[in-house]
Amino acid sequence: MADTVTLSIIIANHNTRELLRQCLTSILQLRGHLDLEIIVIDNASGDGSVSMMRADFPQVRLIQNRDNVGFARAVNQGLRLANGRYLLLLNSDTEIKPNALQHSIAFLEAHPKAGIVGCKLLNPDGSLQPSCESFPRWLDFLFESLLLEKLFPHSRVFGRMHLTYFGYDRAAEVGYVKGAFLLARRAVYDAIGGLDEAFYFYGEEMDWCYRAKQAGWLVYFTPAAQIVHYGGQSGDPISPRMFVLLHQNRFRFYSKYHGKLLQASARLVLALGALLRSGIWCVAAWLPALHSRASGPDPQKRRRASWAAFRWYALGQEP
């Protein structure tokens, strides 16, 4: 029966055993007097995640899938079983900071029109990790493809889609929040249902927040709640396969809510943008000065990922 506990925490896991252990430990240590339940859906992990949970966390409700059914479908399995008044989608590669759960629930209780709220995500070194964005428009794809958001990150025009100008130092209404930590009212789930399972991995939280807004709810970010998000532990986001999957699902979202003409023109713009990036990273890989200044994955890896995205946009080829 729903609403029998204050908070249901739903975690989809795939091969993140030690990070999952750390995540569950942080929840249980920092829950305080909060009445909660934890539901973990394991997507066919081969690293001993299931045996670890059974041995060390018997109070956690475990769903074991024989196959990796993807994030959205796994989360929906948990949502159907959840009894909480509030529903938290939480990544397995996160660590709760003190009062993060309490502050996020308090925010929704203080803002009755807010249906979903996200928190401040931190990298393991304590630096800021962007956690909210705006829904993409055709112009945003153009600005991204022409690298204008990179050249002018503080511009509210060019940086609109990824909110590159946002300082994450104040509560604000946003388009959508990342699924690493997404707290929703049960009333939102009752009104719009679960995640769209057409989004196998990436993009599902964008679609969920969009549907919540269509139903009359607001989506917020609050800096009062903080977690550490290790990121990319179930798959390398810069591998060609995962990078193309990210682009596919973002484009799937755009196509779901826009007509064929805008879809076709957006696909062309995004293809040209991917081709431009592939060329830039190809040059960077051969110029030591640029190579030495590049942060994150090496230029050759970025080039391969961008080229794979171009081939998907232009030719429909899977990596």
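What counts, and at which threshold
- Residues numbered from 1 in each chain as written.
- Predicted model: local features only at pLDDT ≥ 70, side-chain atom pairs only at ≥ 80, totals over all residues.
- Heavy atoms only, no water.
- Phe/Tyr/Trp six-rings, centres within 6.5 Å; stacked < 30°, edge-to-face > 60°.
- Lys NZ or Arg CZ within 6 Å of the ring centre and 35° of its normal.
- Buried < 20%, exposed > 50% of the residue type's maximum accessible area, 1.4 Å probe, protein only.
- Helix = DSSP H or I, 4+ residues; strand = E, 2+ residues; numbered from the N terminus.
- Pairing = 2+ DSSP bridges.
- Disulfide = S-S within 2.5 Å.
- Lys, Arg positive; Asp, Glu negative; His and termini not counted.
- Salt bridge = Lys/Arg side-chain N within 4 Å of Asp/Glu carboxyl O.
- Polar contact = N/O pair within 3.5 Å; in protein donor to acceptor, adjacent residues only side chain to side chain.
- Expected span 1.5 Å × (residues − 1).
- Axes fitted to C-alpha atoms, helices over the stretch in contact; angles between N-to-C directions.
- Parallel < 35°, antiparallel > 145°, perpendicular 65-115°, else oblique.
- Left-handed = near helix turned anticlockwise from the far one by under 90°.
- Contact = heavy atoms within 4.5 Å.
- Nonpolar A, V, L, I, M, F, W, Y, C, P; charged D, E, K, R; others polar.
- Patch = residues over 30% accessible without salt bridge, like charges linked within 9 Å, V, L, I, M, F, W, Y side chains within 5 Å.
- Areas by Shrake-Rupley, 256 points an atom, 1.4 Å probe, with all protein chains shown as cover.
- Core = buried A, V, L, I, M, F, W, Y, C linked by side-chain atoms within 4.5 Å.

Visitor: In this structure, what is going on with the packing of aromatic side chains? I would like to understand it.
Guide: Pairs of aromatic rings are described using the distance from one ring centre to the other and the angle between the two planes. Taken as a whole, this structure holds 17 aromatic pairs when the rule is applied. Every member of this aromatic cluster is reached through a ring pair, and the members are Phe135, Tyr176, Tyr210, Phe253 and Tyr257. One residue, Arg267, lies across the ring of Trp312, its end atom 4.3 Å from the ring centre.

Visitor: It is not clear to me how the pairing of strand β12 (residues 218-229) should be interpreted in this structure. Could you clarify?
Guide: Along any regular strand the residues' side chains alternate between the sheet's two faces. In terms of burial, β12 is a largely internal element, nine of the 12 residues being buried. Relative to β12, strand β5 (residues 94-96) is paired through three bridges, and the arrangement is antiparallel. Looking at the pairing, Thr94 lines up with His229 of β12. In this sheet, β12 lies alongside strand β6 (residues 114-122) in parallel orientation, the contact comprising seven bridges. Paired with Ala114 across the strands is Leu218, a residue of β12.

Visitor: What is the right way to look at the state of the cysteines in this model?
Guide: Covalent bonding between the sulfur atoms of two cysteines defines a disulfide. The tally for this structure, following the rule as stated, stands at zero disulfides. This cysteine, Cys209, is not joined by any disulfide, and Cys132 carries the nearest cysteine sulfur, 10 Å off.

Visitor: Mind showing me how you'd approach the environment of Lys150 here?
Guide: With respect to the helices and strands, Lys150 occurs in helix α6 (residues 148-151). Separated by 102 residues in sequence, Lys150 and Gly48 have C-alpha atoms that sit 41 Å apart.

Visitor: Can you help me understand the side chain of Asp93 in this one?
Guide: Along the polypeptide, Asp93 turns up in the loop between β4 (84-90) and β5. Although Asp93 is buried, it forms no salt bridge, and the closest oppositely charged side chain is Lys178 at an N-O distance of 12 Å. Here the side chain of Asp93 touches His229 through a polar contact of 3.4 Å, side chain to side chain. Within the structure, Asp93 has its side chain in polar contact with the backbone nitrogen of Gly231 (distance 3.0 Å).

Visitor: I would appreciate a short explanation of the environment of Asp207 in the present structure.
Guide: Mapped onto the fold, Asp207 is located in helix α8 (residues 204-214). On a C-alpha basis, the gap between Asp207 and Ile192 in space is 11 Å, while along the polypeptide they are 15 residues apart. Here the side chain of Asp207 touches Lys256 through a polar contact of 3.0 Å, side chain to side chain.

Visitor: What am I meant to see in the pairing of β6 here?
Guide: Of all the nine residues making up β6, nine are buried; the element is thus mostly covered by neighbouring parts of the structure. Sheet analysis places β6 next to strand β11 (residues 181-185), joined by three bridges and oriented antiparallel. Each residue of the ladder has a partner; that of Val117, found in β11, is Leu183. Relative to strand β7 (residues 128-129), β6 runs antiparallel, the two sharing two bridges. If you follow Leu122 over to β7, its bridge partner there is Leu128.

Visitor: Can you walk me through helix α10 (residues 260-286) in this structure?
Guide: Because each turn of an α-helix spans 3.6 residues, side chains separated by three or four positions end up pointing in the same direction. Over its 27 residues, α10 extends 39 Å from the first C-alpha to the last, a length consistent with the 39 Å expected when each residue adds 1.5 Å. Gln263, Ala266, Val269, Leu270, Ala271, Gly273, Ala274, Arg277, Ser278, Trp281, Ala284 and Ala285 are the residues of α10 that are buried.

Visitor: Before we go on, may I ask you to explain the packing of helix α9 (residues 240-257) against α10 in this structure?
Guide: Axis separation between α9 and α10 bottoms out at 10 Å; the angle between their running directions is 155°. Considering the angle they form, α9 stands roughly antiparallel to α10. For the pair α9 and α10, the sense of crossing is right-handed. Contact with α9, carried on its side by Arg250, Phe251, Tyr254 and Ser255, involves Leu262, Gln263, Ala266, Arg267 and Leu270 of α10 and no other residues of that element. A class-by-class count of the residues in the contact of α9 with α10 yields five nonpolar, two polar and two charged.

Visitor: Looking at this model, I keep getting lost on a nonpolar patch on the surface. Mind explaining?
Guide: A cluster of nonpolar side chains, namely Leu268, Leu272, Leu275 and Trp307, defines an oily patch on the protein surface of about 380 Å² accessible area. Of all the elements, α10 adds the most residues to the nonpolar patch, at three residues.

Visitor: Any chance you could explain the nonpolar core here in plain terms?
Guide: Most often, soluble globular proteins have nonpolar side chains that are buried together. Membership of the largest hydrophobic core comes to 39 residues, with the highest contact counts inside it found for Ile116 and Trp208. Of the residues forming this core, the biggest block, five residues, is contributed by helix α3 (residues 71-81). Setting aside anything within four residues of it in sequence, one finds Trp208 in contact with Leu79, Leu89, Ile116, Leu182, Ala184, Tyr189, Ile192, Gly193, Gly194 and Leu195. With 34 residues, the next largest nonpolar core counts Val40, Met52, Leu108 and Leu121 among its residues.

Visitor: Before we go on, may I ask you to explain the pattern of salt bridges in this structure?
Guide: Side chains that differ in charge, positive against negative, can pair when their charged atoms come close. Evaluation of the coordinates by the stated rule reveals 13 salt bridges. Here Arg21 ties to Glu18 by a salt bridge, and the two come within 3.0 Å at their closest N and O atoms. Pair noted here: Arg21 and Glu18 are both in helix α1 (residues 17-30), with a separation of three residues, about one helical turn. We note a salt bridge from Asp207 to Lys256, for which the minimum N-O separation is 3.0 Å. Highlighted residues: Asp207 in helix α8 and Lys256 in helix α9, separated in sequence by 49 residues. Residue class for Asp207 comes out buried when judged on its relative accessible area of 0%. Of the residues examined, Lys256 reaches a relative accessible area of 39% and is grouped as partly exposed. Within the structure, one salt-bridge network assembled from shared partners comprises Arg17, Glu18, Arg21 and Asp56.

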